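Each chain, written out:
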Amino acid sequence: MCGIMGYVGPQQAAPILLDGLRRLEYRGYDSAGVAVTNGKIDVRKAEGKIDRLADLLESEPLAGTIGIGHTRWATHGEPSDLNAHPHTDPTGEFVVVHNGIIENFQSLREELAGEGHVFTSETDTEILAHLVAREYRGDLESAVRSAVAKAEGAYALVVMTKREPGKIVAVRRISPLVVGLGEGETFLASDIPAVLHRTRRFLIVEDGEMVIVTEAGARIEEIAGGAVDREVLYIDWDAEQAEKGGFEHYMLKEIHEQPAVVTETLGGRLDEDGTAWLEDVHFDDDFARNFSRLWITACGTAYHAGLVGKEIFRRLLRIPTNVEYAHEMRYADPLVSSNHLTVAISQSGETADTLAAARLTKERGSRLLALTNVVGSTLAREADDILYTRAGPEISVASTKAYLAMLIAQYLLALRIGRVRGVVDEELAARVAHGLSLLPAHVEELLHHDDEVLAAAESIVDADDVYFIGRGLDYAVAMEGSLKLKEISYLHSEAMPAGELKHGTLALVTKDTPVIVVLTQQALYDKTVSAVQEVKARGGRVLAVAYEDDEQIHKFAHRVLRIPRADDLLGPVAAVIPLQLLAYHVARLRGHDIDQPRNLAKSVTVE
Ligand code: M6R
């Protein structure tokens, strides 16, 4: 999704904007641009990667200490130089960048065209530049207010005018926006990591708010009018965490961070006896004991984490649990009511569909728990309870460490609730706690078997289709393994419960079709092996992820990726590591842009 930057201060703006845009690259984009004001508004923009914009700035530099920048992920109009942001009004006195979608843009465009406005791009954003200019009566804040009053949809909109130098005005409706407070300089960005190396003090702009930025700082107001007193948020993330740290790709770095992530997610939250202390989960024992249904809602990888969560909650808590794609749930009129608990899972905490589904459950009386990685994200701010995953900034579009942290957090939540409800006894709680405590070492060990995973990747790199199977928790992991593979290698892949194979997909299994089976669930072992035999009988090539002491597996599989023996309930945590590495190696062997796969964005902030 689009990325936004803004700068007001004593330094040249263009290099700072460019640097911030590079740090927002992970959000996905297809063009980039910057504008500065210095007596007049100057814009440079280019389709393609930020390097093209950097080249342009090299040949046509921009001088000025106030500016805005943007990476665009096309929604209205193809990726092109003309459609790239920033956009100006016809006089060139007003300039805007925008993240989001203006839903009524067609009618606004017709209205403006009827008044004689001529547009140079196909975007919804250009209309906002025209609107602000039309509404301007000598005060930028008022002009922005009346312009956005006419716009429907989601946006973070940032506006400058040469008529009021030294000031940037921005508004937020749904799409994220933060302010970084420096010494005598102020930054605007779509997220904190973009400027974390410049300041640790932030103001979060909330939905429905306007921020007026000058070099002296920022003032937040309601768009509708009225002052807002926002507390400064101090962020203590290590800026190093946002760099590649010597790895070829962010994804590989993030995979390798996972032992530390598990430790971090568990840190100070779990006693040996299985008592879980969750600092921002505020519901009392009474609620924990009595809520009658659990909903999990999420998208993509976070949804797959929810599939694991569903199994954990079902087994440990015996509470009816639904896991729902957020984009389905928001329109499905779900039977959510008071006395329910909804766990909305989102790495970014900004996924539009997840926010919408979460809000719906809250409206219907459910208590809302945000399971998210981003401190101060919209989801976190809107929830009653927060369970931070503490995975640190995740830059690669393909989620890895955040997924693992989501799993760990759900075990903690199950222990917290299960002990209060009396359904997880002391022995079981201590067993799960012990299993969790072993995980950092297990994950570390798996990272040392990278050569075997690479060999497995070489064996499937030329396949046309790959199938993943498993049962129960193994099926949940298979779903994530399949998504990882397809999103970065562009190889067609599907996951299904092992028992489902013979109901259709088996027709696609022929000689040498790779079928990857996850086999940690001992109670279902023989059942899963039956499906594997069906694959073998059709000439399929079986790659198994199985425990290190599984002595039978060689009879069924052509190749085995071993994982340390664990309690079956915790099996998925280790099993996903070789699948993440497999996806990484296949994508690398196929020569793809691993951290920014085509057509995908890190944070899907539009519906
Ligand atoms: O930020 P979120 O966790 O809400 O994002 C949800 C999905 O867009 C995300 O998990 C996506 O599926 C990942 N690219 C998968 O690796």
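Residues numbered from 1 in each chain as written. Predicted model: local features only at pLDDT ≥ 70, side-chain atom pairs only at ≥ 80, totals over all residues. Heavy atoms only, no water.

## Focus on the sheet that holds strand β8 (residues 168-173)
The condition is simple: At least two bridges found by DSSP between two strands are what make those strands a pair. Each helix corresponds to a stretch of at least 4 residues labelled H or I by DSSP, and each strand to a stretch of at least 2 residues labelled E; elements are numbered beginning at the N terminus. Residue contacts are counted whenever heavy atoms from the two residues lie within 4.5 Å of one another. Note on geometry: axes are C-alpha line fits, over the in-contact stretch for helices, and angles between N-to-C directions span 0 to 180 degrees.
One open sheet holds the six strands; their spatial order is β5-β6-β7-β8-β12-β13, and the pairing between them is antiparallel. Lying at the two open borders of the sheet, with one neighbouring strand each, are β5 (87-88) and β13 (217-222). Pairing between strand β7 (residues 153-161) and β8: five bridges, direction antiparallel. Paired with Val159 across the strands is Val169, a residue of β8. Sheet strands in contact with helix α4 (residues 125-135) are β5, β6 (94-102) and β7, and its direction is about 130° off that of β6.

## Examining the domain arrangement of the chain
Inclusion rule: Where each domain starts and ends follows an automatic or database-derived domain assignment.
Partitioning the chain into structural domains gives domain 1 (3-243), domain 2 (253-446) and domain 3 (447-589). Summarising the inter-unit geometry, the C-alpha centres of domain 1 and domain 3 are found 45 Å apart.

## Looking at the site of the ligand
Put simply, the test is: Note on definitions. A residue lies near a molecule or strand when any single heavy atom of the residue is within 4 Å of it. Identification of polar contacts relies on pairs of N or O atoms within 3.5 Å, with a donor-acceptor requirement for protein atoms, meaning one able to donate a hydrogen and the other able to accept it, and with residues adjacent in sequence counted only if both atoms are side-chain atoms. Space inside and on the surface of the protein is sampled on a 1 Å grid over the protein atoms alone, with a cavity defined as a set of points where a 1.4 Å probe fits but cannot get out and a pocket as an open set with protein on both sides within 12 Å along at least 5 of 7 lines; lining residues have an atom within 4 Å of a point. Whether a molecule lies in a cavity or pocket depends on its atoms, and more than half of them have to be within 2 Å of the grid points. Each residue gets one of three labels, nonpolar for Ala, Val, Leu, Ile, Met, Phe, Trp, Tyr, Cys and Pro, charged for Asp, Glu, Lys and Arg, and polar for the others, Gly among them.
As a matter of local geometry, the ligand sits amid 13 residues, with Ser346, Gln347, Ser348, Thr351 and Glu487 nearest to it. Ser348 places a side-chain nitrogen or oxygen 2.6 Å from an oxygen atom of the ligand. When atoms are counted within 2 Å of each cavity's grid points, the one that captures over half of the ligand is the largest pocket. Counting residues per element, the ones that place at least two in the shell around the ligand are α9 (300-317) and α16 (473-489). Looking at the shell around the ligand element by element, the count peaks at three residues for α9. Split into classes, the residues belonging to the shell around the ligand amount to four nonpolar, seven polar and two charged.

## With respect to empty space enclosed by the protein
Test applied: Grid points are joined across faces, edges and corners, and a volume is the space filled by probe spheres set on the points.
Counted according to the given criterion, the structure contains four cavities of 30 Å³ or more. One number sums up the size of the second largest cavity: a volume of about 90 Å³. Lining the second largest cavity are 13 residues, and of these Cys2, Trp73, Thr75, His98 and Gly100 lie nearest its centre. Among the elements that make up the lining of the second largest cavity, the one with the highest residue count is β6 (three residues). Here the lining of the second largest cavity is composed, by residue class, of four nonpolar, seven polar and two charged.

## Comments concerning helix α7 (residues 258-266)
Since the α-helix turns once every 3.6 residues, residues separated by three or four places project in the same direction. Formally: Three exposure classes are used, based on accessible area relative to the maximum for each residue type with a 1.4 Å probe and protein chains only: buried under 20%, partly exposed in between, and exposed over 50%. Within this analysis, the arc is defined by the directions that extend from the helix axis to the C-beta atoms.
Taken residue by residue, α7 has Gln258, Pro259, Val261, Val262, Thr265 and Leu266 as its buried positions. Looking down the long axis of α7, one finds its buried residues gathered within 160° of arc, a one-sided arrangement. The elements touched by buried residues of α7 are α6 (250-256), α13 (401-421), α14 (426-447) and α18 (571-589). Following α7 by one or two positions, Gly268 adopts a phi angle in the positive range, close to 70°.

## Considerations on the sheet that holds strand β21 (residues 492-497)
Reading across the sheet, the five strands line up as β21-β20-β22-β23-β24 and stay open at both edges, with parallel pairing between neighbours. Looking at the sheet topology across the chains shown, the edges are occupied by β21 and β24 (559-563). Strand-to-strand twist across the sheet, computed as the mean angle between neighbouring axes with direction ignored, equals 20°. Inspection of the sheet shows strand β20 (residues 465-470) paired to β21 by six bridges, in the parallel sense. The partner of Gly470 across the bridge, within β21, is Pro497. Here α16 sits on the sheet and contacts β20, β21 and β22 (514-519); the angle it forms with β21, its principal contact strand, is near 175°.

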